[in-house]
Amino acid sequence: MTTNSSPQLWLYDTTLRDGTQREGLSVSIEDKLRIAKRLDQLGVPFIEGGWPGANPKDVQFFWQLQEDPLKQAEIVAFCSTRRPNSTAATEPMLQDILAAGTRWVTIFGKSWDLHVTTSLKTTLEENLAMIRDTIEYLRSQGRRIIYDAEHWFDGYKHNPDYALQTLEAAIASGAEWLVLCDTNGGTLPHEISQIVQDVVRVTGEWGMGNGEWGMGKDSSQSPITNAQSPMPQIGIHTHNDSEMAVANAIAAVMAGAKMVQGTINGYGERCGNANLCSLIPNLQLKLGYSCITEDQLTQLTEASRFVSEVVNLAPDEHAPFVGLSAFAHKGGIHVSAVERNPLTYEHIQPEQVGNHRRIVISEQSGLSNVLAKARSFGIDLDQLKAEAKQILQRLKDLESEGFQFEAAEASFALLMHEALGDRQKFFEVKGFQVHCDLIEGKETSNALATVKLAVDGKNILEAAEGNGPVAALDAALRKALVNFYPQIATFDLTDYKVRILNGHTGTAAKTRVLVESGNGRQRWTTVGVSTNILEASYQAVVEGLEYGLLLHSQAEAVVKASS
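Basis of the calculations
Residues numbered from 1 in each chain as written. Predicted model: local features only at pLDDT ≥ 70, side-chain atom pairs only at ≥ 80, totals over all residues. Heavy atoms only, no water. Patch = residues over 30% accessible without salt bridge, like charges linked within 9 Å, V, L, I, M, F, W, Y side chains within 5 Å. Areas by Shrake-Rupley, 256 points an atom, 1.4 Å probe, with all protein chains shown as cover. Salt bridge = Lys/Arg side-chain N within 4 Å of Asp/Glu carboxyl O. Helix = DSSP H or I, 4+ residues; strand = E, 2+ residues; numbered from the N terminus. 1 Å grid on protein atoms, 1.4 Å probe; cavity = no way out; pocket = protein on both sides within 12 Å on 5 of 7 lines; lining within 4 Å. Points joined across faces, edges and corners; volume = space filled by probe spheres on them. Nonpolar A, V, L, I, M, F, W, Y, C, P; charged D, E, K, R; others polar. Expected span 1.5 Å × (residues − 1). Buried < 20%, exposed > 50% of the residue type's maximum accessible area, 1.4 Å probe, protein only. Arc of directions from axis to C-beta. Pairing = 2+ DSSP bridges. Axes fitted to C-alpha atoms, helices over the stretch in contact; angles between N-to-C directions. Core = buried A, V, L, I, M, F, W, Y, C linked by side-chain atoms within 4.5 Å. Contact = heavy atoms within 4.5 Å. Lys, Arg positive; Asp, Glu negative; His and termini not counted. Phe/Tyr/Trp six-rings, centres within 6.5 Å; stacked < 30°, edge-to-face > 60°. Lys NZ or Arg CZ within 6 Å of the ring centre and 35° of its normal. pLDDT = per-residue confidence, 0-100. Parallel < 35°, antiparallel > 145°, perpendicular 65-115°, else oblique.

1. Section: a nonpolar patch on the surface
- Taken together, the side chains of L493, Y496, V498, I500 and I533 define a hydrophobic patch exposed on the protein surface, amounting to about 380 Å² of accessible area.
- With four residues, strand β14 (residues 492–500) is the single largest residue contributor to the nonpolar patch.
- You can see V498 is positioned in strand β14.

Here is the structure:
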């Protein structure tokens, strides 16, 4: 828990620039604006929007934020130092940076002499001039500067004297933040800690002779100012190529860094960047730093999933803190202990980061799992131990046949109601047929499904077409039922997954189908298993419709009870 006296850390999000370099990730202008506004709500003080001039999308993004600015965050433009043997004042890309209209600009420059001579193909002295000239020019135009020291740790390890000269050039030119970048992601925490301590010590010695460093030309320019510090502050930017990005960022903070750069969900090039969804709770809840407010911290899980949805990448269900399984308990002994005291198997309260505890049902479950899971569905089995044991045995029998209820909690809820004898019979399927046409030369095939079912004693025969057998079957079921249950029109089949359970039997293998459905407010998952993929799909689709109707029925009952 943070207090008013907790040390302040500045968060710097680069999801919209570094994060979008992830392979397979692409965003529109509208996507970037939505993410920026969500990060603003989360309380992130610095949001790097991109490189103005690098592409038309980033130019438009900055223009739109000038018209509709963020509420509390500083949007930051990103750019490199000027090119060799030119001047910053005549550098076209710096004019694009100025046109973006941001108060803060992040400039990255070379720290590693190898990159200076090999990538830039210039001299070490010219690289220092590029850093000085670029920062001085932007400062003369009223911009405040964050200097990203690219490949800092590799450069320092190979030539520490020259690497420090690049920082000295940035400081002397007016940079307010020096961000040390582990660009290749190969540095280990003990190295990060020692090198950051070296930099803090050396820059502190430099600053003893110049009390104005870090204050900028106008230190009254809120919201971020280093007026109380006699030197530029140190930041950290880590990549995850060695699976050390979060650990390295924490090591840097404990060694004196005051800014942490990262991305939501750790998105980034190659193996990704430091994951802010892990860094923020670790820094705030474990180490006592002040990053965002406690209320904003409870929005972290929602923000993580929001960004996943916008960039169209499946959320990592096993991600620490914000993943669906981050506080899931499967083993019976674990569940029994957590029910007594959550501290036994949870390192924080899930609600602190906006997540929640889940009791997972599987063949490894004990009676405690069943009782706890039943309570989550509003079913009290504590006084019905015989029925609970029956449910547990049925669960284990079905899982031995290939069913899996960990990811199909709606099917498990129906199983419980069946065992208790109160499963509502909204409809009864008496049979179905599916016919597929594959016409040579056509890229798509057509399918026709016919279903026969009964509702309230009335038999219905209905048919529907689809672009595949499962789509046709789903359409026929909905068509037959919608006149009796109009709410079915709001149900959507949102995901469909098939897994082969015993592949060694070839095309005769048993298949497991998971179907995710939704009604615009809730989502639920059902499961079917069979050697016939259509029968497995039928089981899952039918239970998906049945559970949706059950949710609607329960919601209506609540409304009636409250009226």
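2. Re empty space enclosed by the protein
- Per the counting criterion, the structure on display carries one cavity of 30 Å³ or more.
- Its boundaries defined by the atoms lining it, the largest cavity holds a volume of some 50 Å³.
- Taken together, D474, R478, F491, L493, S517, W524, V541, G544 and L545 make up the lining of the largest cavity.
- Put simply, the parts of the chain that give the lining of the largest cavity at least two residues each are α17 (469–481) and α18 (533–562).
- Considering every element that reaches the lining of the largest cavity, the biggest residue donor is α18, with three residues.
- Split into classes, the residues belonging to the lining of the largest cavity amount to five nonpolar, two polar and two charged.

3. Overview of helix α2 (residues 56–67)
- Along its 12 residues, α2 runs 17 Å from first to last C-alpha, staying within 8% of the 16 Å computed at 1.5 Å per residue.
- Those residues of α2 that sit buried are D58, F61, F62 and L65. The arc that holds every buried residue of α2, seen down its axis, measures 90 degrees, which confines them to one face. Across from the buried face of α2, at angles greater than 90 degrees, the exposed residues are P56 and E67.

4. Comments concerning the sheet that holds strand β5 (residues 144–150)
- The eight strands are arranged β1-β2-β3-β4-β5-β6-β7-β8 in a closed barrel whose pairing can be described as parallel. Each neighbouring strand pair of the sheet contributes to a mean axis angle of 25 degrees, computed without reference to strand direction.
- Relative to strand β3 (residues 74–80), strand β2 (residues 46–50) runs parallel, the two sharing four bridges. In the strand pairing of β3, G50 is matched with A77.

5. Considerations on the environment of Q194
- Relative to the elements of secondary structure, Q194 occurs in helix α8 (residues 189–207).
- A residue is classified by how much of its surface remains accessible, and Q194, at 43% relative accessible area, is partly exposed.

6. Thoughts on the nonpolar core
- Of all hydrophobic cores here, the largest spans 92 residues; its most connected members are L138, Y147, W152, L167 and L283.
- Non-local contacts of L138, meaning those with residues more than four positions away in its chain, are made with L94, I97, L98, V105, I107, R143 and I145.
- Core analysis: the next-biggest nonpolar cluster, separate from the first, contains 36 residues, A410, A449, L473 and L545 among them.

7. Quick notes on the side chain of D182
- Positionally, D182 belongs in strand β6 (residues 177–182).
- Lacking a salt bridge, the buried D182 has K157 as its closest oppositely charged neighbour, with an N-O distance of 6.2 Å.
- Apart from the residues lying within four places of it in its own chain, the contact partners of D182 are F153, T187, H237, T238, H239 and N248.

8. A closer look at the packing of aromatic side chains
- In this structure the tally under the stated criterion is 11 aromatic pairs.
- Pairing W51 with F78 gives two aromatic rings, centres 5.9 Å apart and planes at 75 degrees, and the pair type is edge-to-face. A residue pair is termed long-range when its members are at least 10 positions apart, and W51 in the loop between β2 and α2 and F78 in strand β3 qualify at 27 residues.
- Taken together, the ring pairs connect Y12, F46 and W104 into an aromatic cluster.
- Sitting over the face of the ring of F78, R17 holds its NZ or CZ atom 3.7 Å from the ring centroid.
- One cation-aromatic arrangement involves K32 over F61; the distance from NZ or CZ to the ring centre is 4.9 Å.

9. Notes on the confidence of the model for the chain
- Averaged over every residue, the pLDDT of the chain is 88; the share at 70 or more is 89%.
- Taken together, the stretch residues 209–230 has pLDDT below 50 and engages in 42 contacts with residues farther than four places along the chain or on a different chain.

10. Re the sheet that holds strand β12 (residues 446–455)
- Taking strand neighbours across the sheet as the criterion, the three strands line up as β11-β12-β13 in an open arrangement whose pairing is antiparallel. Each having just a single partner strand, β11 (428–437) and β13 (458–466) make up the two edges of the open sheet. In this sheet, neighbouring strand axes are inclined to one another by 15 degrees on average, regardless of whether the strands run parallel or antiparallel.
- Sheet topology places β11 next to β12; nine bridges connect them, and they run antiparallel. Along β12, the bridge assignment pairs H435 with L448.

11. A closer look at the packing of helix α4 (residues 113–120) against helix α5 (residues 124–140)
- The N-to-C vectors of α4 and α5 enclose an angle of 95 degrees; their axes lie 9 Å apart at closest approach. It follows that α4 is roughly perpendicular to α5 by the angle criterion. Seen from α4, the contacting residues are D113, V116, T117 and L120; seen from α5, they are L124, N127 and M130.
- Within the contact of α4 with α5, the residues separate by chemical class into four nonpolar, two polar and one charged.

12. Looking at α17
- Spanning 13 residues, α17 covers 18 Å between terminal C-alpha atoms, matching the ideal 18 Å at 1.5 Å per step.
- If you check which residues of α17 are buried, you get V470, A472, L473, D474, A476, L477, R478, A480 and L481.
- The elements touched by buried residues of α17 are β11, β12, β13, β14 and α18.

13. Digging into the environment of V498
- With relative accessibility at 37%, the residue V498 sits in the partly exposed group.
- Here V498 is in contact with T511, R512, V513 and I533, once residues within four sequence places are set aside.

14. Some remarks on the pattern of salt bridges
- Taken as a whole and judged by the stated rule, the model has 24 salt bridges.
- Put simply, E409 and R358 hold a salt bridge, and the shortest N to O gap is 3.2 Å. Taken together, the residues E409 in helix α16 (residues 409–420) and R358 in strand β10 (residues 358–359) connect sequence positions 51 residues apart.
- One network of salt bridges, with partners in common, ties together E418, R423, E543 and E546.

15. Description of unusual backbone geometry
- Here K121, not a glycine, exhibits a phi torsion of approximately 55 degrees, which is positive.
- Along the polypeptide, K121 turns up in the loop between α4 and α5.

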